[in-house]
Structures are given as C-alpha cells and as structure tokens.
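Residues per chain are reported as follows:
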Amino acid sequence: MNKYLTLADGTQWIGTAIGDCQLETSGQVVFNTGMTGYQETLTDPSYLNQMIAFTYPLIGNYGIDPTVAQAPTVGAQAIIVHELATFEDHYTSRQSLANFLTTHHVAGIEGIDTRDLTIHIRQTGTQMAILSNQPVSDFNAKLATLPAHHLNAAPLPAVPASTSKPRIAILNFGEKAAITAELQERGCDVVVLPAMTSLKAIAAYHPDGILLSNGPGDPTDYAACLPTIRQLAHQYPLAGICLGHQLIALAYGAQTYQLPFGHHGMNHPVQACVDGSVMMTSQNHDYAVDPASIKATPLMVTHTELNDGSIEGLRLPHQAVMSVQFHPEAHPGPKEAGQFFDNFLLTIQKEAVVNA
C-alpha cells in the first residue's frame, strides 16, 4: 500500500508502507548518516518522537540482534528508508527488521529518494512531518489528530548493598543501555534513577559519582532539574553525556540553540582542545551549547566539532565536573571516545583521596 511523507512546508514523497502499515504518525524528521547500527538507532530513547531517515540506501540486511538494543522499546516514531532488505544474513540475527518494526508497531516508508529528502532537510532545516495512508491536504489539522510518544517514568530501584566498587548513579533522561554497560565493564556498581530524583533520595544510594544521561528534546524543557544539578556538582563528581552535557551548561548559566538539522551519525570528527588530537564520534542531538554564552560562565570548552565548530565538551576548572556532547559509549559507532569514562572514574578516585 502507498504511504505518504508530508513535511510541514508542504513537500511530499510517496512510497510503500513498511512496519505497522496501517499506523499513521507524526514527528520531527531527521536524517542519520550511519551505514550500520540501525537497531541501536531505532531503540535510542533520544530519538523519541522523531522520524529517522537513513541515508544509507539498504537498511536491514543483517537483521536484528536482541543483545544490542539500547532500550526495551523503539523510541523513534517512524523509519524512512530507500530500500528495506527482504532477507537478513548474520549469525546473531534473530528476526528481520521488517518483523521487528511490525512487532514494535513502528510505522515506516520505503521506496523514496532519501538523498533528495536529506538534501531538502539540509537546505530548509529540520521540521515536523506526517506519515499517512492518504495525501495530506491540511497539515496542521492532520497533525492535531496524531499523538506523540512519552517516556515511561521508572520507579526508584531498591538501594543495593554496600560494595567496594565505585557506585555511579545515572540520572535517566532517556539513557542508552550501553552507558550502563561501559561503566559496569570498568568495574562500577551502577544504579539508574529517574531524572527528577530528589537530592535526599540520590544520597540514600551513597554514590561516588553522578552521571546525567542522554535524552530527547529541547534541554530548556528540563529547567526544573537545574537547581538539583548545581547542588549535585558541589557534593559529587559529576559528568554529563549529550543532553546531560547541555543541562550542565544551562545549570552554570550558558545557553543552548537548535542546530539547523542536527548531528545524527557515526562519523563526526571531534578535536580535544588540550592537545589537538582528533577522534571520530557517534552523535545524536538537535541542540548545542552556544559558544558566545560560555564566556560569562566558569565553564571551559574541552572539545569541538570539526564539521561546524560546535562545542562538544566542557569542564569546570577546580571542580569535578565534566561533560561531552558526543556519545562515548557509541553503540552504534566508533568506540575510541570511551576514554571519557576512564577520565570520569579517575576523577572520582582523585576526589576520594582528597576527601579521605
């Protein structure tokens, strides 16, 4: 059956329905340049309420591996591809991408020129879109009939028993499973808490450090969290990834802005300010920290994006606060940025010695 992708500016593409074929949906349309990692991308909670257009022309050829999902459910609203693979060939595959989309009730469209769509987004900027079963004549009226997804608030976990391992409390704004896995691989005891957990409740877990996770949306929508973040920074070593990075910036007086079409992919070069070294990073964000606003804050820039010069890392001198805009846990993407976790744990060890 036909599927219609209509952008807010009236541009339309007609293709073939995939996934949950009858489902109609809406969301912000973004493009992802990764050649692989479609499963990790679809299950990344940061893509909540977004339609993902994959620029690589063939998606689904190695199937679905349940061990690499970044969340139990699909965060994205829809998938847009040039061609959906009709068979998968990989020893870890347990089902096809087509079946995965149907099982998780994800709408999709294939058969359109995703290059044309990507160029259009780059020229006009990210915008809302509708995926429908019939042509859309009144965009706003149709948009009002289509609900958005919401992240489910998790209850507080039980307080784990004392351990000699460093305990990291992750404030979960939409955390990828790989962040927890990277810390556990480094010998950490990890507890994942809801984003709005109170200071008193956090203290009950006796964390050695706090990490603010990635997550979806405009960072200014999380203004209620900023006072807690400032207080946490005075009590614990604090780190932030992606949205967490932006929230640390806001907490110390910086400002954020919306990128024209965001960074979504696995080939973003980032340079460290301290020594000029460059690493390839995985990124997924639509907002960035305003460089001009940093001058009025105590924050220092540690990393920059070489494609557009945007800020990719911050730290607070003389205090154990650090953050990065990119995804050091990868999944998907290169893992050379994983040293961020090592540096955070080293900071925690140094703080423990100072406070002993």
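This structure is a prediction, so every number in the text was calculated from the model and none was measured. (Residues numbered from 1 in each chain as written. Predicted model: local features only at pLDDT ≥ 70, side-chain atom pairs only at ≥ 80, totals over all residues. Heavy atoms only, no water.)

> Outline the pairing of strand β11 (residues 189-194), supporting the account with residue identities and numerical values.
Judged by how many residues are buried, β11 sits mostly within the fold: five of six residues are covered. Handedness of the crossover is the feature at issue here: the chain leaves strand β10 (residues 167-172), passes through helix α5 (residues 177-185), returns alongside β11, and the resulting connection is right-handed. (Buried < 20%, exposed > 50% of the residue type's maximum accessible area, 1.4 Å probe, protein only. Helix = DSSP H or I, 4+ residues; strand = E, 2+ residues; numbered from the N terminus. Right-handed = clockwise from strand over helix to strand, strands pointing away.)

> Help me get a handle on the sheet that holds strand β17 (residues 311-316), residues and values and all.
Sheet architecture is open: nine strands sit in the order β11-β10-β12-β13-β18-β17-β16-β14-β15, paired in mixed fashion. The strands lining the two open edges of the sheet, one partner per strand, are β11 and β15 (278-289). This sheet shows a mean twist of 25° between the axes of neighbouring strands, independent of strand direction. Here four bridges tie β17 to strand β18 (residues 321-324), and the two strands are oriented antiparallel to one another. Following the sheet pairing, Leu 314 is matched in β18 by Ser 323. (Pairing = 2+ DSSP bridges. Axes fitted to C-alpha atoms, helices over the stretch in contact; angles between N-to-C directions.)

> Explain the side chain of His 264 to me, using residue names and the numbers behind them.
Positionally, His 264 belongs in strand β14 (residues 256-272). A polar contact is formed between the side chain of His 264 and the side chain of Asn 284, at a distance of 2.7 Å. Only 3.1 Å separates the side chain of His 264 from the side chain of Asp 286, close enough to count as a polar contact. Those residues in contact with His 264, other than ones at most four positions away along the chain, are Val 30, Phe 31, Asn 32, Thr 33, Tyr 47, Gln 50, Gln 283, Asn 284, His 285 and Asp 286. (Polar contact = N/O pair within 3.5 Å; in protein donor to acceptor, adjacent residues only side chain to side chain. Contact = heavy atoms within 4.5 Å.)

> So what's going on with the nonpolar core? Residues and values would help.
By size, the foremost hydrophobic cluster in this structure holds 33 residues, and its most contacted members are Phe 173, Ile 210 and Ile 229. Looking at this core, the elements with two or more residues in it are β10, β11, β12 (209-212), α7 (226-235), α8 (243-251) and β17. In terms of residue count, the dominant contributor to this core is α8 (six residues). Judged by nonpolar contacts, the second largest core, of 21 residues, contains Cys 188, Cys 242, Ala 337 and Phe 341. (Core = buried A, V, L, I, M, F, W, Y, C linked by side-chain atoms within 4.5 Å.)

> Got a sec to walk through the UniProt feature "active site" (unreviewed entry) in the protein? Specific residues and values, please.
If you check UniProt for "active site" (unreviewed entry), the listed places come out as Cys 242, His 327 and Glu 329 in our numbering. The greatest C-alpha distance among the annotated residues, which extend across 88 residues, is 11.1 Å, indicating that they converge on a single site. From the set just named, the residues that line the largest cavity comprise His 327. Position of His 327 among the secondary structure elements: in the loop between β18 and α10 (339-355). Ignoring sequence-local partners within four residues, the contact set of His 327 consists of Lys 176, Asn 214, Ile 241, Cys 242, Ser 282, Gln 283 and Asn 284. Polar contacts involving the side chain of His 327 include one to the side chain of Glu 329, which spans 2.5 Å. Residue placement: Glu 329 occurs in the loop between β18 and α10. A distance of 3.0 Å separates the side chain of Glu 329 from the side chain of Lys 176, its partner in a polar contact. (UniProt positions renumbered as here; feature names shortened; annotations may be inferred. 1 Å grid on protein atoms, 1.4 Å probe; cavity = no way out; pocket = protein on both sides within 12 Å on 5 of 7 lines; lining within 4 Å.)

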